[in-house]
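# Working through the structure, step by step
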Amino acid sequence: MDRPKLIRLVSDGTGVLVSSDLLVEIYDPDRVSSVLLDGNYGGLILDMDLEESVLVSILTEVRKAPSICWLPVLCSSALDGDLVYLTDGVVTSTEEAAVTSAEVRKRVAEIDLDALSQGREYRLMGYLYGRTSDIWPVLRPTSHDLYVYPAADFLSGEGDSARWLRNMRERGLVGNGTLVDRIRRCPSCEGPRLNYVDVCPGCGSIDIAAKEFTHCFTCGRVAPTEEFLRGHTLQCPFCSTMLRHLGSDYDHPLESFVCNDCGLRFIEADVVVDCLDCRTRSKPEDLLIDSIHSYRLTEKGRSAAKVGSIDDVYALLDRLNYVVPAYFDQFLDWLIMLNRRYPDEVFSLLGIRFFNIVEMSEILGRQRTAQLMDSLAGRLRQLIRGTDVSTRNGTGILWLLLPRTDREGASILEERILALANEVVVEGVPKPRFCSSLFSVSEDLLERDTAALVLARLSGDLEGS
C-alpha cells in the first residue's frame, strides 16, 4: 500500500530532514493550506524556524478546514514554551514522520469523515480520535478564563475553548484527563482575576492598621502602645501609672489591628475577595472552585465520531425505566444497606454489554440502526417489570437493578435478554453480540461492598468478555 506524501515547509531549500520521495517541498507558508486541500497528503512537516504568528496563521488555516483539520502537523525542532501544544510533536527523520502520520491516518479512517463538516464538535472529536494524546491547557493571564486550549481554539475558530470544552464534558463527549491546576472564580461573573483584601470585622472598612497594644496591669486598660509613650518611658494614659517592668507592670496583648474608621481593635482581620472584572465582593468560601484538566475523548465521543451523530446509538435504551447514574448508584447503595439489616430483602443486578452495535451502524447507517435499536428496546421493555430500574454509565453497557429478585429469577431474565440477539436478523450485517454479568445479593455480596465496588467488579467482567 502506497503511503501518502507529506508536505514539507522549508526555507531556501534547507532543513533538518533529508529530502525524500515521501516529501513535497514548499517554501511559502501562505500556500500550505491550499496545497493540503488540493491533494491527498498524509500530514505537514514544519522544517524551518517559524515565528509564533506564522505558526498560528498556518494552523488556523489547516484546523478550520473540515477535510484536513485532523492532519498531523509535525516539526523538525523543539518549539519554545507553549508552542509545543500547537503541533503533534517533533520528528528527527522523514521515516519517523511517515510512521506518525500513518498511525493518525489509520485511526481517522474509522470515523465518519463527512461529519467533520457538520460543526466544530465533530472536528474536535475527529482530531482527538486520531491521537492518543490529550488536549492540554495553556496559561494565558490576559484571557477571561485564565487557561485556554490552543488546539481547541483552532478547531473551533471562536476563541472560547475553555467553556466549549466544559460544555462537551457535560454532554459526555470528552472527559477529564490530567489535573493541571485548581483556581478560584468569582461567583457572579466566573472571572478568575481576584484580589484578596483584609477588612475590619466590625464595619468592613479596608482602612485598618497593624498596631502594638499595651495592657496596664494597674487599671486593666488596653490601648495602642504609642498612647503610653511619654518621652522615653511608658506611662498609662488612664491611671498615670509608670510602667517599668514588662510582665509585672504591663504586657502586650494579642490585639494587633485597629480600624481607623470605627476604632475597633481586633486580632485577625476578615478576608474578602474583590473581583477585578465585575467588582463583586465575596467571601472566600463563596468562590467557585475550578479544576483545570486536560481533555480526552470518551467512549461516547468515540462512538459519535464513528457514527457521525452525537446522539449515540444506545440512547433509545434510556426508555427502560431509566434513571441517571448518580441516582442509580444511590439506589443500589440503599438496597445493599437494606439487605444487611433485613437479609430477606433480596435483589439482583444485571449488566448487559452490547458489543458490535456501533459496527452495525457503520454498515446500516444511522436511520436503520435507530430502527433496530428501537425494536430491541421494545422487546426489552416487554421483559422487564415496572419496578426494575435501568441506567447506562458506559457506552454499550446497560445496567438493570431488579428489586425483590433472587438469582434464579434474575438468571431467567438474563437468558431471555441474551436470546434477543438471535431474534435480530438484518440482511448483510452480523447479528448483535451480547454478554452479561449477574450479581445477586444473597450469594455475591462481600463484607465491604458498596455500589461503586459492585459495579466496578461487574464492569471488569463485562470488559473482559
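Residues numbered from 1 in each chain as written. Predicted model: local features only at pLDDT ≥ 70, side-chain atom pairs only at ≥ 80, totals over all residues. Heavy atoms only, no water.

## As for the overall build of the chain
Definition in use: Every helix listed is a DSSP run of H or I at least four residues long, and every strand listed is a run of E at least two residues long, numbered separately from the N terminus. With the radius of gyration taken over C-alpha atoms, the globule rule is written as 2.2 Å times the number of residues to the power 0.38. The buried label goes to any residue with under 20% of its type's maximum accessible area, the exposed label to any with over 50%, and the partly exposed label to all in between, with areas taken from a 1.4 Å probe on protein chains only. Any two residues whose heavy atoms approach within 4.5 Å at even a single point are treated as in contact. To be clear on the numbers: accessible area is Shrake-Rupley with a 1.4 Å probe, and residue cover counts the displayed protein chains and nothing else. Positive charges are assigned to Lys and Arg, negative charges to Asp and Glu, while His and the chain termini are left out of the count. Each charge is placed at NZ for Lys, CZ for Arg, CG for Asp and CD for Glu.
If you tally the helices and strands in the chain, you get 13 helices and 24 strands. A globule of 465 residues ought to have a C-alpha radius of gyration of about 23 Å, yet the chain, at 33 Å, is considerably larger. C-alpha atoms of the chain, sized along the principal axes, occupy 105 × 85 × 35 Å. Burial analysis of the chain (465 residues in total) assigns 44% to the buried set. Considering only residue pairs separated by 6 or more positions, the chain has 69% of its internal contacts joining residues 24 or more positions apart. Of the roughly 23,700 Å² of accessible surface on the chain, 48% is carried by carbon and sulfur atoms. Of the charged side chains in the chain, 50 are positive and 70 negative; the average position of the first set lies 4 Å away from that of the second.

## With respect to the pattern of salt bridges
Two side chains with opposite charge may pair up if their charged atoms get near one another. Basically, it comes down to this: By definition here, a salt bridge exists when the distance from a side-chain nitrogen of Lys or Arg to a carboxyl oxygen of Asp or Glu is within 4 Å.
Counted under the stated rule, the structure contains 16 salt bridges. A salt bridge links Asp134 to Arg296, with the shortest nitrogen-to-oxygen separation between them at 2.9 Å. Here Asp134 is found in the loop between α4 (120-129) and β5 (138-139), whereas its partner Arg296 is found in strand β20 (residues 288-297), with 162 residues between them in sequence. Residue class for Asp134 comes out buried when judged on its relative accessible area of 14%. Ionic pairing is found between Arg163 and Asp145, a salt bridge with its closest N-O pair at 3.8 Å. Linking Arg163 in helix α6 (residues 161-170) with Asp145 in the loop between β5 and β6 (147-148), this pair joins segments that are 18 residues apart in sequence. Judged by its relative accessible area of 12%, Asp145 falls in the buried class. Three or more residues are tied together by salt bridges with common partners; here these are Asp145, Arg163, Arg166, Arg185 and Asp290.

## As for the sheet that holds strand β2 (residues 23-26)
Heads up, the condition is: In short, DSSP must find at least two bridges between two strands for them to pair. Here, axes are lines fitted to C-alpha atoms. For helices the fit covers the stretch in contact, and angles between N-to-C directions go from 0 to 180 degrees.
Across the sheet, which stays open at both edges, the four strands sit in the order β2-β1-β3-β4 with parallel pairing between neighbours. The open sheet terminates on both sides in strands that have one partner only, identified here as β2 and β4 (73-75). The mean angle between the axes of side-by-side strands here comes to 25°, regardless of whether they run parallel or antiparallel. Here strand β1 (residues 6-9) pairs with β2 via four bridges, running parallel. When the bridges of β2 are listed, Leu6 appears paired with Leu23. The sheet strands contacting helix α2 (residues 52-64) are β1, β3 (43-46) and β4, and the helix crosses β3 at an angle near 180°.

## A short note on the sheet that holds strand β18 (residues 270-275)
On the basis of which strands lie adjacent, the open sheet formed by three strands has the order β8-β18-β19 and antiparallel pairing. Looking at strand neighbours, the two that pair on one side only are β8 (194-199) and β19 (281-282), the edges of this open sheet. Relative to β19, β18 runs antiparallel, the two being bridged by two bridges. Within the sheet, the bridge partner assigned to Val273 lies in β19 and is Ser282.

## Section: α6
Buried within α6 we find Ser161, Ala162, Trp164, Leu165, Arg166 and Met168. Packed against the buried residues of α6 are α4, β6, α5 (150-156), β7 (174-185) and β20. Of the residues flanking the end of α6, it is Gly172, one or two places downstream, whose phi is positive at about 85°.

Everything listed is a geometric property; what it means functionally is a separate question.
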